[in-house]
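# Chain and residue survey
Listed below, chain by chain, are the residues.
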Amino acid sequence: MLDRMRVILMLTLLAVAHAEGPSQVDAPDALDFSYARLWRYAQQQCGTKGITSTEFTHSWLGVRRCLKNTLDVVQLNEDSMRLDIGNEEEILGRHCPKLYQGAKCFNPFMDMVKGCVSEESYEIFEALRSWFHDILEYLCENNGANVEYDKQKHDTCTREINRHIITCAAENLIATPEVNRKTLSEENCNALAIAKDCLLKKLKDCGVFANGARLFYENFIQITSCKNYIPKAERK
């Protein structure tokens, strides 16, 4: 639970984690994955299609080059450090058009991965991309006019978020054996929803983090059986 929820801390599309791992990597699950595992699994599966690890890495480096050429990375980093209540529209309005362009940099890499992994596994990669896009939509709506970012409150949430995640998971999630995301019971799904609501309540003073968590849940719940238990009005 901790690994999969930590991703709400990502506010840009500029980072990826990958590491050396075992020679055989099992297919990831939408409710239990890490970026390192996704990377290793995709690389492994592309290897079975004749794509070498060097070619795989070069494809990702192409994403990074594209981002570097599209975004004003130095200015974006500086502005992200001074983002605070009152200057959200100024800063996001400056960078959002380029961020939307930068999102397209991932397309060639995603197309390669799609040709390597199973349709069920690719759902996870696509859910991640949809989550990133939804975060951009949230941050950039009206050039950031709807975002309220209080730096002091968000700094506090950054320090406490792991504790909040652990607390909400421990208090609400049901301990079960390994289950398939496509066959989660209504009880399991209700527990996930309650844990999500618990986390959102604890993050209520940190709008960016709270909306990141909400959007993560909304995207990933769609590739589980839990979507069958969501009221139609709330489905994507």
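As a reminder, the structure under discussion sits directly above these lines.
For the structure given in this document, a descriptive report is provided here. (Residues numbered from 1 in each chain as written. Predicted model: local features only at pLDDT ≥ 70, side-chain atom pairs only at ≥ 80, totals over all residues. Heavy atoms only, no water.)

### Quick word on helix H3 (residues 53–70)
- With 18 residues, H3 should reach 26 Å at 1.5 Å per residue; the first-to-last C-alpha distance of 26 Å fits that figure.
- Within the span of H3, buried status applies to Phe56, Ser59, Trp60, Val63, Leu67 and Thr70. Seen end-on, H3 carries its buried residues on one side only, within an arc spanning 90°. Exposed side chains of H3 directed beyond 90 degrees from the buried face belong to Arg64, Arg65, Lys68 and Asn69.
- In this structure, the buried side of H3 is in contact with helix H2 (35–47), helix H4 (73–82), helix H5 (88–103) and helix H6 (107–114). (Helix = DSSP H or I, 4+ residues; strand = E, 2+ residues; numbered from the N terminus. Expected span 1.5 Å × (residues − 1). Buried < 20%, exposed > 50% of the residue type's maximum accessible area, 1.4 Å probe, protein only. Arc of directions from axis to C-beta. Contact = heavy atoms within 4.5 Å.)

### As for the side chain of Ser225
- Locating Ser225 in the fold gives a position in the segment after helix H10 (207–221).
- Within polar-contact distance, the side chain of Ser225 engages the backbone nitrogen of Leu184 at 2.7 Å.
- Among residues more than four places away in sequence, those in contact with Ser225 are Arg181, Lys182, Thr183, Leu184 and Cys189. (Polar contact = N/O pair within 3.5 Å; in protein donor to acceptor, adjacent residues only side chain to side chain.)

### Topic: unusual backbone geometry
- Of note in the backbone geometry, Asn142 takes a positive phi value of approximately 55° without being a glycine.
- Accessibility expressed as a relative area gives 51% for Asn142, which makes it exposed.
- In this model, Asn143 sits at a positive phi of 55°, which is unusual for a non-glycine residue.
- Among the secondary structure elements, Asn143 is positioned in the loop between helix H7 (119–140) and helix H8 (151–172).

Distances and angles like these do not, on their own, reveal function.
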